[in-house]
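# Structural characterization, general
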Amino acid sequence: MKVPLLDLKPQHQALAGELQDAFTRVLHSGHFILGPEVDGLEREVAAYIGVKHALGVSSGTDALLLALMALDIGPGDEVLCPSFTFFATAGSVARCGAKPVFVDECPLTFNIDVDDIEARITDRTKAIMPVHLFGQCAQMDPIMEIAQRRGIAVIEDAAQALGATTRGRQAGTLGSFGAFSFFPSKNLGALGDAGLLVTNDDALALKARLLRNHGAEQKYFHSMVGGNFRIDALQAAFLRVKLPHLAEYTARRIENAAYYCRGLSAATEMPAPVQIVLPSCDPDNHHVWNQYTIRVIAGEEWQRPELSRDALRAWLLERGIATEIYYPLPLHLQECFAGKNEPKSLPQSENLARECLSLPIHPDVGRGGQDAVIEGILAFLRVGAA
Ligand SMILES: *Cc1c(COP(=O)(O)O)cnc(C)c1O
């Protein structure tokens, strides 16, 4: 049985007529840049998550960059961010001329380690950029407390966490800004690149709106230097077709996660010389499971490379099961940052990069697909134990 990591065909087939109608609507409207589809999407997503302002932008990466620009973060400034995340988190900080300062991770939730944040704050620190990794919120209460006490901003990288909550509050709405991505593999995916920036702050919203469009309120008159960070009207129209289904897609991801937790509980108890750790969800959090990521800990004392995370991945692939390593190299060790950014080593991030394996969790993976994944993992452990 073939089990792909992500299969969007069933989702798109079910909506094909509506997506084609959306295309036709945009084609005949003549509005391809901003306009009513973008306004509509912004209104609808803002209502969905309960935030005052939402700005459709060209990508999740550009949402982060725009937030940094609106907060005037640039050369000489430092921004704290986790090391175990997608590149865009720190990449956007470096692109605006500031310095990403990497923070270690909590090995249970994969999110930024709050205890490690304060130690890395200096008088140059301008912002903390927590990431709600894999669909679960970072510990926003202590993060907001530190930020308020130190007078620094918080930009939430909520690219993977649309609809996630922590103690009942929506991801992306707690900091100065929240950045979302509609990259096709995210919980709400466009048919191309797209993103969204949200804020409850009127002045920041206005500034970000201008910066999205070359810093011009009136065409050809520029009060600031911005860029072209606009979402396509066509992508906005497609996203408006899918948004009403997001709650149902998310419910299916949550059911799929629960099914893995039950099916793989036996894997965590097997007396094999390799330990499988299932993802944990903080009881304060509503997790939206953009990824279901296990840890494969092949204890060094056993010296059994055939039982490593990479060996399990190859074993599953032989059986037609696709998995992915999010992320194989922490950001503080990337060639572009290594040696230039503090700190030099982050033990938890480095362990996670070696141990993490993400399993197919998309809404249409199906029970047959999940059973094949579970059976594949259990068979690997049985062989390893023998
Ligand atoms: C996907 C992602 C981004 C970037 O989003 P794009 O739309 O691909 O630019 C940023 N941060 C994280 C954590 C992501 O997963």
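Quick look at the structure, then. Computed from a prediction, not measured in an experiment: that's the story for all the values here.

## Focus on the site of the ligand
As a matter of local geometry, the ligand sits amid 15 residues, with Thr61, Asp157, Gln160, Ser181 and Lys186 nearest to it. A distance of 3.1 Å separates an oxygen atom of the ligand from a polar atom in the side chain of lysine 186. Bound to the protein, the ligand loses 93% of the 380 Å² it would expose on its own. Put simply, the parts of the chain that give the shell around the ligand at least two residues each are helix 4 (60-70) and helix 5 (88-95).

## Considerations on the packing of aromatic side chains
Applying the stated criterion across every chain, the model contains 10 aromatic pairs. Ring centres of phenylalanine 87 and phenylalanine 337 lie 5.7 Å apart, and the angle between their planes is 20°; this geometry places the pair in the stacked category. Remark: phenylalanine 337 occurs in the loop between helix 12 (309-318) and helix 13 (347-355) and phenylalanine 87 occurs in the loop between strand 2 (78-82) and helix 5; sequence separation between them is 250 residues. Judged by relative accessible area, phenylalanine 87 falls into the partly exposed class, the value being 35%. Phenylalanine 337 gets classed as buried once you look at its relative accessible area, which sits at 5%. Here phenylalanine 102 and phenylalanine 337 contribute two aromatic rings whose centre-to-centre distance is 5.5 Å and whose plane-to-plane angle is 55°, an arrangement assigned as tilted. One end of the pair, phenylalanine 102, is in strand 3 (residues 99-103); the other, phenylalanine 337, is in the loop between helix 12 and helix 13, and 235 residues separate them in sequence. Phenylalanine 337 carries the same exposure label as phenylalanine 102, and that label is buried.

## Observations regarding the environment of leucine 196
Along the chain, leucine 196 falls in strand 9 (residues 195-199). Taking the relative accessible area as the measure of exposure, leucine 196 reaches 0% and is therefore buried. With 17 residues separating them in the primary sequence, leucine 196 and alanine 179 have C-alpha atoms 6.0 Å apart. Discounting residues that sit within four places of it in the chain, leucine 196 has contacts with Val45, Ala54, Leu55, Gly56, Val57, Ala63, Gly178, Ala179, Phe180 and Phe182.

## Points about the pairing of strand 15 (residues 356-359)
Here strand 15 shows no split at all, with Cys356 and Ser358 on one side and Leu357 and Leu359 on the other all buried. Relative to strand 15, strand 14 (residues 292-297) is paired through four bridges, and the arrangement is antiparallel. Bridge pairing in strand 15 links threonine 293 to serine 358.

## Observations concerning the pairing of strand 1 (residues 53-57)
Most of strand 1 sits inside the fold, with four of its five residues counted as buried. Where strand 1 lies against strand 9, five bridges are found, and the strand directions are antiparallel. Paired with glycine 56 across the bridge in strand 9 is leucine 196.

## Digging into the sheet that holds strand 14
If you walk across this open sheet you meet the three strands as 12-14-15, and the pairing is antiparallel. Taken across any chain shown, the strands that pair with only one partner, and hence form the sheet edges, are strand 12 (275-277) and strand 15. Strand after strand, the sheet turns through a mean of 30° between neighbouring axes, direction not considered.

What counts and what doesn't
- Counting from 1, residues in each chain are numbered in the order their sequence is written.
- Given that this is a predicted model, residues contribute local features only at a pLDDT of at least 70 and side-chain atom pairs are listed and counted only at 80 or more, while totals for whole chains, interfaces and linings are drawn from all residues.
- As a rule here, side-chain values come from all non-hydrogen atoms in the structure, and water together with hydrogens is ignored.
- Note on definitions. A residue lies near a molecule or strand when any single heavy atom of the residue is within 4 Å of it.
- Counted as a polar contact is a pair of N or O atoms within 3.5 Å, where, for protein atoms, one must be capable of donating a hydrogen and the other of accepting one, and residues adjacent in sequence contribute only when both atoms are in side chains.
- Residue burial considers only the protein chains on display, and all accessible areas are found by Shrake-Rupley using a 1.4 Å probe.
- Counting from the N terminus, the helices are the DSSP runs of H or I reaching at least four residues and the strands are the DSSP runs of E reaching at least two.
- Between 30 and 60 degrees the pair is tilted, below 30 it is stacked and above 60 it is edge-to-face, where a pair is any two Phe, Tyr or Trp rings, Trp via its six-membered ring, whose centres lie within 6.5 Å.
- Partly exposed residues are those whose accessible area sits between 20% and 50% of the maximum for their type, while under 20% is buried and over 50% is exposed, using a 1.4 Å probe and protein chains only.
- Any two residues having at least one pair of non-hydrogen atoms within 4.5 Å are treated as being in contact.
- Strand pairing is assigned whenever DSSP detects at least two bridges linking the two strands.
- Axis definition: a line fit to C-alpha positions, over the contact stretch in the case of helices; interaxial angles, taken between N-to-C directions, run 0 to 180 degrees.

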